[in-house]
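Chains, contacts and geometry: an overview
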Amino acid sequence: MIRMVDVSKTYDNDVQALKDVNVEIDQGDFVYVVGPSGAGKSTFIKLLYRELRATKGLIMIDEFDLMKLKDREVPFLRRTIGVVFQDFKLLTRLTVAENIAYAMEVIEKDPEEIKQRVTEVLNEVGLADKAARFPSELSGGEQQRVAIARAIANSPHILIADEPTGNLDPNTAEEIMALLEEINHKGTTVIMATHNDQIVNSHPHRLLEINNGTLIRDEKEGTYENEG
Ligand code: ADP
Ligand code: ADP
């Protein structure tokens, strides 16, 4: 359901961040994207949710052809994809519940459905008691849980995570990992860029390794040693 054929990305400054990447990811897969800093992991991920356009190649996500997709059609793609980041990117002036509701309001869900779904996803991430708090009142791990709740609020097929444990201590990283695996077990494809080798090696999943813009490894349950 995700297919990249000969995908390359060259930035305006002529940095070739990805070179001829070919990959297929099935619905329900859990996939790590690993590699050293500057390898092209974020670029790979940004191409998937059309934060960036590829310079060349084919990218299909479900029925969406990302090279042909018009900018005004991107919101339709984003309904099938939830994204979480290393730095959470929560809206600081909104409460936890409002942050999640906002993601549903922008696609014009009706208020009653939003209310129900906010409660449901907060239960799913174990934060039902924090609905009225502001992000600044929460720990890093809790903020990442809110970000995950927001990302799954619209029931996407795909959850993309760019270094989701990068700002978290090892125990909290484990909890976030368990949550991502739980979401994956319910059928959501999870694609996670990381250089946390401890997590990768203790939670084996499919592993894509990118080095200097090239996909150099695609293993069903690969291990990884990061040099950093
Ligand atoms: P990673 O996520 O693995 O650290 P990135 O995808 O962020 O790698 O970067 C891959 C390469 O592309 C690096 O050389 C980086 O400096 C470059 N790069 C990333 N974003 C941009 C950009 N917006 N403009 C120019 N070069 C970029
Ligand atoms: P990450 O480590 O999460 O990949 P980076 O620090 O590499 O983040 O990049 C932060 C932002 O700056 C990203 O939006 C990336 O696209 C952009 N960026 C990275 N490298 C360059 C570069 N050489 N020139 C311009 N923008 C860049």
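Rules used throughout
- Residues numbered from 1 in each chain as written.
- Chains lettered and ligands numbered in written order.
- Predicted model: local features only at pLDDT ≥ 70, side-chain atom pairs only at ≥ 80, totals over all residues.
- Heavy atoms only, no water.
- Near = heavy atom within 4 Å.
- Polar contact = N/O pair within 3.5 Å; in protein donor to acceptor, adjacent residues only side chain to side chain.
- Areas by Shrake-Rupley, 256 points an atom, 1.4 Å probe, with all protein chains shown as cover.
- Nonpolar A, V, L, I, M, F, W, Y, C, P; charged D, E, K, R; others polar.
- Buried < 20%, exposed > 50% of the residue type's maximum accessible area, 1.4 Å probe, protein only.
- Helix = DSSP H or I, 4+ residues; strand = E, 2+ residues; numbered from the N terminus.
- Patch = residues over 30% accessible without salt bridge, like charges linked within 9 Å, V, L, I, M, F, W, Y side chains within 5 Å.
- Salt bridge = Lys/Arg side-chain N within 4 Å of Asp/Glu carboxyl O.

Another point: the site of ligand 1. Inspection of the region around ligand 1 gives Tyr11, Asn13, Val15, Ala17, Pro36, Ser37, Gly38, Ala39, Gly40, Lys41, Ser42 and Thr43 as its neighbouring residues. The separation between an oxygen atom of ligand 1 and a polar main-chain atom of lysine 41 is 2.9 Å. Note that an oxygen atom of ligand 1 is positioned 2.8 Å from one of the backbone N or O atoms of serine 42. Protein burial of ligand 1: of its 560 Å² of free accessible surface, 62% is covered by the chains. Among the residues forming the shell around ligand 1, the class breakdown is 5 nonpolar, 6 polar and 1 charged.

Here we come to helix H1 (residues 41-48). Extensive coverage of H1 is indicated by the burial of 6 of its 8 residues. Regarding H1, the residues found buried are Lys41, Thr43, Phe44, Ile45, Leu47 and Leu48. Backbone geometry just downstream of H1 places arginine 50 in the positive-phi region, at approximately 60°.

In this section: a nonpolar patch on the surface. A cluster of nonpolar residues, Leu91, Tyr102 and Val106, forms a patch on the protein surface that exposes about 270 Å² of accessible area. Within the secondary structure, valine 106 sits in the loop between helix H3 (96-105) and helix H4 (111-124).

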